[in-house]
Amino acid sequence: MPRLRQPIEQWRDQLRQIEDLGYHSVAIADHLGDGWSMDPITMMAIAAEATTTLRVASSVLCNDFYHPFFLHRSISNLDVISEGRVTLGLGAGWRPRDYAVCGLPFDPPPARVSRLEESIAVLKGLFAGERFSFEGEHFTIGDALGAPRPVQTPHPPIMVGGGGRRMLQLGGREADIVGINPPRLTEYSDPARMAHELSAEGLRDKAAIVRAAAAERRDPDEVVLQANLLDVRVNTVAGTVSRSTSGLVDWLGEAAVEQSPLVLHGDVERCIDALLELRETVGITQVHLGSDPHGVAEIVKRLS
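Computed from a predicted model, the values in this text were never measured in an experiment. (Residues numbered from 1 in each chain as written. Predicted model: local features only at pLDDT ≥ 70, side-chain atom pairs only at ≥ 80, totals over all residues. Heavy atoms only, no water.)

Read from one edge of the open sheet, three strands run β11-β10-β12, paired in mixed fashion. Each end of this open sheet is capped by a strand with a single partner; those strands are β11 (241–245) and β12 (263–267). Neighbour-to-neighbour, the strand axes of this sheet turn through a mean angle of 5 degrees, independent of strand direction. Note: strand β10 (residues 231–235) against β11, five bridges, orientation antiparallel. The residue bridging N235 from the neighbouring strand is V241, located in β11. Strand contacts of helix α11 (residues 268–282): β10 and β12, with the helix running at about 145 degrees to β12, the strand carrying the most contacts. (Pairing = 2+ DSSP bridges. Helix = DSSP H or I, 4+ residues; strand = E, 2+ residues; numbered from the N terminus. Axes fitted to C-alpha atoms, helices over the stretch in contact; angles between N-to-C directions. Contact = heavy atoms within 4.5 Å.)

Its place among the elements puts W11 in helix α1 (residues 8–20). Separated by ten residues in the primary sequence, W11 and M1 place their C-alpha atoms 9.5 Å from one another. Beyond its immediate stretch of four places on either side in the chain, W11 contacts M1, P2, R3, L4, R5, M38, M43, I46 and A47.

Turning our attention to the packing of aromatic side chains. To describe a pair of aromatic rings, you give the distance between the ring centres and the angle between the ring planes. If you walk through the whole model with that rule in mind, you get five aromatic pairs. Aromatic side chains F65 and Y66 sit 6.5 Å apart centroid to centroid with 50 degrees between the ring planes, which places their arrangement in the tilted category. Classification of F65 as partly exposed rests on a relative accessible area of 22%. Judged by relative accessible area, which is 17%, Y66 ranks as buried. Aromatic ring contacts, followed pair by pair, group F65, Y66, Y99 and F106 into a single cluster. For the cation-ring pair, R3 lies above W36, with the distance from its terminal atom to the ring centre recorded as 5.8 Å. (Phe/Tyr/Trp six-rings, centres within 6.5 Å; stacked < 30°, edge-to-face > 60°. Buried < 20%, exposed > 50% of the residue type's maximum accessible area, 1.4 Å probe, protein only. Lys NZ or Arg CZ within 6 Å of the ring centre and 35° of its normal.)

With that settled, consider the environment of S82. Relative to the helices and strands, S82 is located in the loop between α3 (68–81) and β4 (86–91). In sequence terms S82 and D30 are 52 residues apart; their C-alpha atoms lie 20 Å from each other.

Our next topic: the environment of R211. As for its position among the elements, R211 is in helix α8 (residues 200–215). Leave out the neighbours within four places in its chain, and R211 touches P220, L225, V282 and G283.

Attention now moves to the packing of α3 against helix α5 (residues 109–127). Across the interface, α3 lies against α5 with an axial gap of 9 Å and an inter-helix angle of 50 degrees. Accordingly, the angle class assigned to the pair α3 and α5 is oblique. As α3 packs across α5, the resulting crossing turns out to be right-handed. Contact residues: P68, F69, L71, H72, I75 and S76 in α3; S119, V122, L123, L126 and F127 in α5. Each residue belonging to the contact of α3 with α5 can be placed in one class, and the counts come to eight nonpolar, three polar and no charged. (Parallel < 35°, antiparallel > 145°, perpendicular 65-115°, else oblique. Left-handed = near helix turned anticlockwise from the far one by under 90°. Nonpolar A, V, L, I, M, F, W, Y, C, P; charged D, E, K, R; others polar.)

All right, on to helix α7 (residues 191–198) then. Where α7 is concerned, the buried positions are M194, E197 and L198. Projected down its long axis, α7 carries its buried residues within an arc of 90 degrees, all on one side. (Arc of directions from axis to C-beta.)

Once that is clear, we can look at the side chain of R85. Locating R85 in the fold gives a position in the loop between α3 and β4. Here R85 occupies a buried position and makes no salt bridge, while the nearest side chain of opposite charge, E19, is found at 4.8 Å. At a separation of 2.8 Å, a polar atom in the side chain of R85 contacts the main-chain carbonyl oxygen of A48. Within polar-contact distance, the side chain of R85 engages the backbone oxygen of L54 at 2.7 Å. Sequence-distant contacts of R85, that is, excluding residues within four places in its chain, are made with A48, T51, T52, T53, L54, R55, V56, D79 and Q152. (Lys, Arg positive; Asp, Glu negative; His and termini not counted. Salt bridge = Lys/Arg side-chain N within 4 Å of Asp/Glu carboxyl O. Polar contact = N/O pair within 3.5 Å; in protein donor to acceptor, adjacent residues only side chain to side chain.)

Another aspect to go through is unusual backbone geometry. Peptide bonds are, in most cases, trans, and in most cases residues other than glycine have a negative phi. In this chain, S59 is followed by V60 through a cis amide linkage whose omega measures -10 degrees. Secondary-structure assignment places V60 in the loop between β2 (55–58) and β3 (61–62). With an omega of -5 degrees, the peptide bond running from T153 to P154 counts as cis. Along the chain, the position of P154 falls in the loop between β6 (140–145) and β7 (158–162). Even without being a glycine, E83 presents a positive backbone phi close to 60 degrees.

Core analysis: the biggest nonpolar cluster contains 69 residues, and L71 and I299 have the highest contact counts within it. When residues in this core are grouped by element, the largest group, six residues, is from α11. Once you skip the residues sitting within four places of it in the chain, I299 turns out to touch V234, L264, V268, C271, I272 and L275. Grouped together as the second largest cluster of nonpolar side chains are six residues, V122, L126, F139 and I141 included. (Core = buried A, V, L, I, M, F, W, Y, C linked by side-chain atoms within 4.5 Å.)

A few words on the pattern of salt bridges. Under the counting rule described, the total for this entry stands at 17 salt bridges. Between R12 and E9 there is a salt bridge, and its shortest N-O distance comes to 3.5 Å. With a gap of three residues between them, R12 and E9 both fall in helix α1, about one helical turn apart. The exposure class of R12 is partly exposed, given its relative accessible area of 24%. E9 gets classed as partly exposed once you look at its relative accessible area, which sits at 38%. Each member of the salt-bridge network shares a partner with another, and the members are E9, R12, D13 and R16.

Here you go:
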């Protein structure tokens, strides 16, 4: 999603241009402090009103910032307003700074993942639009009627993003879309280990974890695999270079990233071939192409 700048109508025009270029979705992250100013749900609602076919996605909301009862109401309303163009991305939270600036405790991963699992259960129960009760370790819902019913059935697609085994397994069991992310644990700070995690082999290993967990409950082919490209440098047909680099590169280290299939470098033909290979070898069919929609528009046009 474009960064919010004045005048607001220019921002809306940018969204319409993205839609006209043929993109499937526009996504917004969820962070606090250090200049992050866009509220995801508010901006998703405005983006949906400004467009007609473009999907709006959270990529991803920090679960600890939202009680699932109130999140359900917001997302259901948004799905109705957008006529079924919402993707709800949820994560367990990973950035300590997000918690520090608002005074929330940054609990160990098992507690955060456990809360996320309960949140998804509550959301699915309320999205069904019937009387629903829930009593867990973290949340209690007492005979609530989920309203309004979302347009998408049985609920808006839920995306879970994660890099560790437990998050990937949770996504495989419960999510419609699973984001295959780099690990964010301190024990993976070794460059060689990180390079493996980001390699084609490492991505295939993660995809296998997702599919094995999904197979416990459904056809694993029903799960869509998604990934965010870490560094994009495309030689455009106009003779310029479109560049978009994720802030994660600073944390991951260039040495670990440079050989990853999540890096997209070269001319349009080479980039298209690389994305098709990522689909064929790993099974990733949704790709976040960075922050320069015009620079990679030819790739989108050709692949769509």
